[in-house]
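Coordinate inspection notes
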Amino acid sequence: MASQTYKQISVLTASTFAFTICFAVWVMFSIIGIPIKETLGLNETEFGLLAATPVLTGSLIRLPLGMLTDKYGGRPVFMTLMLVTVVPIYLISRATELWQYLVLGLFMGLAGGSFSVGIAYVARWFDKSRQGLAMGIFGAGNSGAALTKFIAPSLVVAYGWQSVPKVYAVAMLVTAILFWCFTYTDPSHRVRSTITFRDQLRALKDPNVWKLCQYYSIVFGGYVGLSLWLTKYYINEYGFDIKIAALLASTFVLPAGVIRALGGWLSDRYGAHPVTWWVLLISWVCLFFMSYPQTDMTVQTVHGSLTLHIGLNPWVFTMLLIVLGLSWGIGKASVFKYISDQYPENIGVISGIVGLIGGLGGFLLPIMFGMLVDLTGLRSSIFMLLWGITFVSLVWMYWTEIVPRRRSDSSFTPTPSSR
């Protein structure tokens, strides 16, 4: 009989691998959407809708999946979810009209809901002191987006974009089988049968949950939105071809996924609040510089006209992007450390709510990116939007967490026993 330690490692490894494949599928349109856009003659807003459609269902289903995981366990829910997506993924290779891509994208997007299943499933296998690290390792499956950046462009160039959904459908089927073979079920991890879905949904009345949703909307929603948009951004802004553009985009996607494990460890060691605060502050600074559009300015001097160019070259932009990705990767883990600390009895539901709102951010942002570019003509306007969202998060955290702590410290009067 397998030991508890072996089960923990096996569940964590198999779940992380499965989530990596699910995430790679979830952002598939970020690559194949580019040739589809050219074939169908889509504008920027329509491309944003196409890329974001799978994110919609993957976000909306996170709450019910989290509730089902609490009641029935993560193993059967995760397995079923992966099997349901296999056929829609394959059928994308046969689609020819925009509405067909959108409908199939909705079904394919169910794979994105795997996060709320896996995070609750994995967390319950570990004690509180190690939950942050375990959830961080599982969350590193976000690097599946980088897997798509590496694999999909090569498949597109070599065999056509239709080969990508065919390969991904087979990969999802194989992953589901392997997951079932290497995971375990512990009935004690389920919530009591007397707890109803209505009881679970009472968490929606908690304002603290909505604050965590706001944090996650930028560190995860922003991550997904940029993952879907960056390849095209590099192509249009700097003139790279699709393979180079995808490779450069992966410098944001891969570190942001892999470093999540470090974010979990830091959150275990220093606490969720200070880690999240620094993540948001660093992100705010990076996005400020990334927001500045390419500008040519002519200054009249005593010697005549002086023309200056102000803007980020691709290498400085990429360095800022890497820092941003690392910050968000750590932040994704620290937000879920808040959840495991504050809501240990219903991790599935709370993670489902927070994941849903964060995922909706990932759905709405690409559409808003496209609308902003169509309206303003400024590609960097997408970073202006992200800067504003980050600023709101910083202000909210300051007034609800930092200010109350300072007031509490200043009102403390030492007694003889506390000196």
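Criteria and cut-off values
Residues numbered from 1 in each chain as written. Predicted model: local features only at pLDDT ≥ 70, side-chain atom pairs only at ≥ 80, totals over all residues. Heavy atoms only, no water. Salt bridge = Lys/Arg side-chain N within 4 Å of Asp/Glu carboxyl O. Helix = DSSP H or I, 4+ residues; strand = E, 2+ residues; numbered from the N terminus. Axes fitted to C-alpha atoms, helices over the stretch in contact; angles between N-to-C directions. Parallel < 35°, antiparallel > 145°, perpendicular 65-115°, else oblique. Contact = heavy atoms within 4.5 Å. Nonpolar A, V, L, I, M, F, W, Y, C, P; charged D, E, K, R; others polar. Phe/Tyr/Trp six-rings, centres within 6.5 Å; stacked < 30°, edge-to-face > 60°. Lys NZ or Arg CZ within 6 Å of the ring centre and 35° of its normal. Core = buried A, V, L, I, M, F, W, Y, C linked by side-chain atoms within 4.5 Å. Buried < 20%, exposed > 50% of the residue type's maximum accessible area, 1.4 Å probe, protein only. Expected span 1.5 Å × (residues − 1). pLDDT = per-residue confidence, 0-100. Left-handed = near helix turned anticlockwise from the far one by under 90°. Pairing = 2+ DSSP bridges. Patch = residues over 30% accessible without salt bridge, like charges linked within 9 Å, V, L, I, M, F, W, Y side chains within 5 Å. Areas by Shrake-Rupley, 256 points an atom, 1.4 Å probe, with all protein chains shown as cover.

Section: the pattern of salt bridges
Two side chains carrying opposite charge are able to pair once their charged atoms lie near each other. Overall, the coordinates contain 6 salt bridges when judged by the stated rule. Across the pair Glu 237 and Arg 379 runs a salt bridge, and its minimum N-O distance is 3.1 Å. Of the two residues, Glu 237 sits in helix H13 (residues 221-238) while Arg 379 sits in the loop between helix H18 (347-376) and helix H19 (381-410), which places them 142 residues apart along the sequence. Among the charged side chains, a salt-bridge network with shared partners connects Asp 268, Lys 337 and Asp 341.

Description of the packing of helix H15 (residues 260-270) against helix H16 (residues 272-290)
Running from amino to carboxyl end, H15 crosses H16 at an angle of 130 degrees, the nearest separation of the two axes being 7 Å. Classified by the interaxial angle, the pair formed by H15 and H16 is oblique. Of the residues in H16, those touching H15 at Leu 266, Ser 267 and Tyr 270 are Ala 272, Pro 274 and Val 275. Each residue belonging to the contact of H15 with H16 can be placed in one class, and the counts come to 5 nonpolar, 1 polar and no charged.

Overview of the packing of aromatic side chains
Under the criterion given, the structure shown has 36 aromatic pairs. Joined through ring pairs, the aromatic side chains of Phe 19, Phe 23, Trp 26, Phe 115, Phe 138, Tyr 216, Phe 220, Tyr 223, Phe 252, Trp 328 and Phe 336 make up one cluster. Sitting over the face of the ring of Trp 180, Arg 75 holds its NZ or CZ atom 3.7 Å from the ring centroid. Looking at Lys 332, its charged tip hangs above the ring of Tyr 223, at a distance of 3.4 Å from the centre.

Notes on the environment of Leu 287
Tracing the sequence through the fold places Leu 287 in helix H16. Counting along the chain gives 33 residues from Leu 287 to Leu 320, while the straight-line C-alpha distance between them is 8.2 Å. Ignoring sequence-local partners within four residues, the contact set of Leu 287 consists of Leu 324, Trp 328, Phe 383, Leu 386, Trp 387 and Thr 390.

Quick notes on the nonpolar core
Grouped together as the largest cluster of nonpolar side chains are 131 residues, with contacts concentrated most on Leu 226, Phe 317 and Trp 328. Among the elements that line this core, the one with the most residues is H18, at 11 residues. Phe 317 has contacts with Leu 230, Tyr 233, Tyr 234, Tyr 238, Met 290, Leu 312 and Phe 383, leaving out every residue within four places of it along the chain.

Some details on helix H10 (residues 163-181)
The terminal C-alpha atoms of H10 lie 28 Å apart, and with 19 residues this matches the ideal 27 Å at 1.5 Å per residue to within 8%. Considering only its buried residues, H10 is in contact with helix H1 (4-26), helix H2 (29-40), helix H5 (74-91), helix H7 (114-123) and helix H9 (144-159).

A word on the confidence of the model for the protein chain
Looking at the protein chain, the pLDDT average stands at 86 and 94% of residues meet or exceed 70. Taking the mean pLDDT of every element in the protein chain, the minimum, 62, falls on helix H11 (residues 197-201) and the maximum, 96, on H10. This stretch, residues 415-419, has a pLDDT under 50; its non-local contacts, to residues over four places away or in other chains, come to 2 contacts.

Some points on helix H6 (residues 98-108)
All of the buried residues in H6 are Tyr 101, Leu 102, Leu 104, Gly 105 and Met 108. If you follow the buried residues of H6, they end up packed against H1, H2, helix H3 (44-60) and H5.

Some remarks on the packing of H3 against H6
At a minimum axis distance of 7 Å, the contact between H3 and H6 shows a crossing angle of 30 degrees. Between H3 and H6, the crossing angle belongs to the class labelled roughly parallel. Two packed elements cross with a definite hand, and for H3 against H6 that hand is right-handed. Mapping the contact onto sequence places Leu 49, Leu 50, Thr 53, Pro 54, Leu 56 and Thr 57 in H3 and Leu 98, Tyr 101, Leu 102, Gly 105, Leu 106 and Met 108 in H6. Of the residues contributing to the contact of H3 with H6, the split by class is 9 nonpolar, 3 polar and no charged.

A short note on the pairing of strand S2 (residues 304-310)
The sheet contact formed by strand S1 (residues 295-301) and S2 spans 7 bridges and is antiparallel. Bridged to Gln 300 within S2 is Ser 305. Joining the antiparallel neighbours S1 and S2 is a turn of 2 residues.

Concerning a nonpolar patch on the surface
Together, Tyr 6, Phe 17, Val 170, Val 174, Leu 178 and Phe 182 make up an exposed nonpolar region whose accessible area comes to about 560 Å². The set of elements that each furnish at least two residues to the nonpolar patch consists of H1 and H10. Per-element accounting of the nonpolar patch gives the leading share, 3 residues, to H10. Summarising the element assignment, Leu 178 is placed in helix H10. By relative accessible area, which is 37% here, Leu 178 ends up partly exposed.

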